[in-house]
Amino acid sequence: MDTEKCLVCGTSVKKENLKGHLERVHPKRAGSISERQLVVKSVPVFRSHKKRNFAILGLLALVVIGVSVAAASYDRGIHWHPNLSVTLNGSPYTVPKDIGIDPSLWKDHSLDQYGEGMAPLHTHDTSGTIHVEARTSHYDFTLHEFLAIWGEPSDGSAIDGHRVTSLTVDGVQQATTGDVVLKDGQKIIMTLSP
Ligand SMILES: [Zn+2]
Ligand SMILES: [Zn+2]
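Residues numbered from 1 in each chain as written. Chains lettered and ligands numbered in written order. Predicted model: local features only at pLDDT ≥ 70, side-chain atom pairs only at ≥ 80, totals over all residues. Heavy atoms only, no water.

Help me understand the overall build of the protein chain, please; the structure alone is not making it clear to me.
Regarding its fold elements, the protein chain presents 4 helices and 11 strands. The long-range share in the protein chain, meaning contacts at least 24 apart out of those at least 6 apart in sequence, stands at 53%. Carbon and sulfur atoms provide 57% of the accessible area of the protein chain, an area that totals close to 12,100 Å². (Helix = DSSP H or I, 4+ residues; strand = E, 2+ residues; numbered from the N terminus. Contact = heavy atoms within 4.5 Å. Areas by Shrake-Rupley, 256 points an atom, 1.4 Å probe, with all protein chains shown as cover.)

Shown next as structure tokens:
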């Protein structure tokens, strides 16, 4: 048996009698009921709005995911501090400050594109700290490149006219003219003969 609840009084009424029930029991409300039924009929319209809202939400989610993926792969560059200490005749040889900043200590400009207004490999003081300060993390900067910027032989064979006789990186002996990829916190020690 097909019954429906009257929207006004809640009484279960046979479907075919509902109209009659409304007109008979709730004559004043009959008009507004049919309006409500119109509203009920417009539910699919609401539903399609919901679908559209879901579509917009989905798009938004995609945009958010896209932006975060882009942010994650965005290259923030590097700012590392390996240290170069040089010994000449058993005494410390001072690595000058402002290598890669002072024009007289900035001889090679082939890496300038990676720097931020100065060479991507530079010094700010005489501590031997090399600042590897570049707008990309996708390039392996090397000791030989630093020497070239400084204006010393880029094969690492000599500094200031003194032959390099020993090269260690973090305590490990290297071939004297072997190049070294610069890393943060690295300790590079060069020994020069008189
Ligand atoms: Zn720095
Ligand atoms: Zn710097």
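Anyway, onward from the coordinates.
Which parts of the structure should I look at to understand the pattern of salt bridges?
Two side chains carrying opposite charge are able to pair once their charged atoms lie near each other. Tallying each qualifying case throughout the model produces 2 salt bridges. Put simply, Lys19 and Glu23 hold a salt bridge, and the shortest N to O gap is 3.8 Å. With a gap of 4 residues between them, Lys19 and Glu23 both fall in helix H1 (residues 18-25), about one helical turn apart. The exposure class assigned to Lys19 is exposed, which follows from its relative accessible area of 60%. (Salt bridge = Lys/Arg side-chain N within 4 Å of Asp/Glu carboxyl O. Buried < 20%, exposed > 50% of the residue type's maximum accessible area, 1.4 Å probe, protein only.)

What's the story with the coordination of the zinc ion (ligand 2) in this structure? I'm lost.
Bound to the zinc ion (ligand 2) are the protein donor atoms His122 (NE2), His124 (NE2) and Glu133 (OE), situated 1.9 to 2.1 Å from the metal. Separating the zinc ion (ligand 2) from the zinc ion (ligand 1) is a gap of 4.1 Å. His122 gets classed as buried once you look at its relative accessible area, which sits at 0%. (Donors = N, O, S within 2.8 Å, 3.2 Å for Na, K, Ca; no water.)

Honestly, H1 in this entry has me stumped. Any pointers?
Residues lying three or four places apart along an α-helix face the same way, a consequence of the helix completing one turn every 3.6 residues. For H1, the complete set of buried residues consists of Leu18, His21 and Leu22. What you see down the axis of H1 is that its buried residues fit within an arc of 95°, all on one side. Exposed side chains of H1 directed beyond 90 degrees from the buried face belong to Lys19 and Arg24. (Arc of directions from axis to C-beta.)

I would appreciate a short explanation of the sheet that holds strand E7 (residues 131-134) in the present structure.
Strand pairing in a sheet relies on backbone hydrogen bonds, with the paired strands running either antiparallel or parallel. Pairing is antiparallel across the open sheet formed by 3 strands, whose spatial order is E3-E7-E6. Of all strands in the sheet, those bounded by a partner on one side alone are strand E3 (78-80) and strand E6 (121-122). Bridging between E6 and E7 involves 2 bridges; their strand directions are antiparallel. Within E7, the position partnered with Leu121 by the bridge is Val132. (Pairing = 2+ DSSP bridges.)

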